[in-house]
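An overview of the molecular structure
So the chains spell out like this:
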Amino acid sequence: MTHRKKLIAGNWKMNKTPADAVALAREIVAAAGQRTDVDIVICPPFTATESVGKVLDGSTVKLGAQNLHPEKSGAFTGEISPDMLRALFVSHVILGHSERRALFGETDAFINLKVLSALKNQLRPIFCVGETLAEREAGATLKVVQTQVEAGLEGVGREAAADLIIAYEPVWAIGTGKVATTAQAQEVHAFIRMLLAKLFTEPVAQKIRILYGGSMKPANAPELLAQTDIDGGLIGGASLEARSFGELITAAAAK
Ligand code: 13P
């Protein structure tokens, strides 16, 4: 089996002014030190992208964004293009987060355009999928995830696929303190990897990292990160403090 380096990504969501973001980024850089055994990405809000980027310069912590618009430029009031992100040295971008799907009406088809645009513009997508509580209770989890994966990745070529990062985030576990059991998470991660193998071949699927997201904390991370197909975490709440985020980095390094 291919060894996949663990990845810990912080999704700061709509939190932190630029000044607060810079302070947190400095603490995270200090906590990360020079370690290269775990990949680390932080995704501040757009208003702090540039200032946080300056803090990360020369560190091992990479800069991510929380969204993009697929077009290069034009009449898209309020939107941010891949070129704008690249100009600020952004390397990763969260796409298809359940909050974007549920609160801002993003469809699989639109998310697919974003994934294709990100890959074309040398941005690594952190492509999110996951079921709601109602869908899980109806026994539809795997079907929902399959649709999201297949629709969101339509048209992605085998070579570009190696740059993908997938995040499985059960919606009912996000910000609720209700973490998926390791068995629930591993089952879906293994299923996603099987879908990736069908789409891109088994060797490519073995290279793609699949992160878990949803109330991941230092206390529950070691068990989750020990699962065969869980290659890291996409962290919301616990990424807003350097201490807990640092503990998650340490937990990932230990696996
Ligand atoms: P929490 O870690 O706050 O549950 O958020 C997870 C998430 O949505 C990361 O994208």
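In what follows, the structure referred to is the one given above.
Structural notes on helix α5 (residues 108-120)
Over its 13 residues, α5 runs 18 Å from end to end, which matches the ideal 18 Å to within 8%, given 1.5 Å per residue. When α5 is considered as a whole, its buried residues turn out to be I111, N112, K114, V115, S117, A118 and L119. For α5, the secondary structure elements touched by its buried residues are α3 (82-87), β4 (92-95), α4 (98-103), β5 (124-129), α7 (141-152) and α8 (158-161). Phi turns positive one or two residues past the end of α5, at Q122, with a value near 55 degrees.

Considering the packing of aromatic side chains
Under the definition given, this model contains 1 aromatic pair. Across the ring face of F104, the terminal group of R100 is positioned such that the distance to the ring centre comes to 4.2 Å.

Details of the pattern of salt bridges
Opposite charge on two side chains allows them to pair when their charged atoms are near. Enumeration according to the criterion identifies 14 salt bridges in this entry. Between D39 and K5 there is a salt bridge whose closest N-O contact spans 3.4 Å. Of this pair, D39 sits in strand β2 (residues 39-43) while K5 sits in the segment before β1 (7-11), and the two are 34 residues apart along the sequence. Owing to a relative accessible area of 32%, K5 belongs among the partly exposed residues under this scheme. One salt bridge in this structure joins K13 and E99, with 2.8 Å as the shortest N-O distance. Of this pair, K13 sits in the loop between β1 and α1 (18-32) while E99 sits in helix α4, placing them 86 residues apart in sequence. Since its relative accessible area comes to 21%, K13 is described here as partly exposed.

Brief notes about the environment of K217
With respect to the secondary-structure elements, K217 resides in the loop between β7 (209-213) and α11 (221-225). Placed 108 residues apart in sequence, K217 and A109 show a C-alpha to C-alpha distance of 32 Å. Apart from residues no more than four positions distant in its own chain, K217 is found in contact with A238 and L248.

Parameters and conventions
- Residues numbered from 1 in each chain as written.
- Predicted model: local features only at pLDDT ≥ 70, side-chain atom pairs only at ≥ 80, totals over all residues.
- Heavy atoms only, no water.
- Helix = DSSP H or I, 4+ residues; strand = E, 2+ residues; numbered from the N terminus.
- Expected span 1.5 Å × (residues − 1).
- Buried < 20%, exposed > 50% of the residue type's maximum accessible area, 1.4 Å probe, protein only.
- Contact = heavy atoms within 4.5 Å.
- Phe/Tyr/Trp six-rings, centres within 6.5 Å; stacked < 30°, edge-to-face > 60°.
- Lys NZ or Arg CZ within 6 Å of the ring centre and 35° of its normal.
- Salt bridge = Lys/Arg side-chain N within 4 Å of Asp/Glu carboxyl O.

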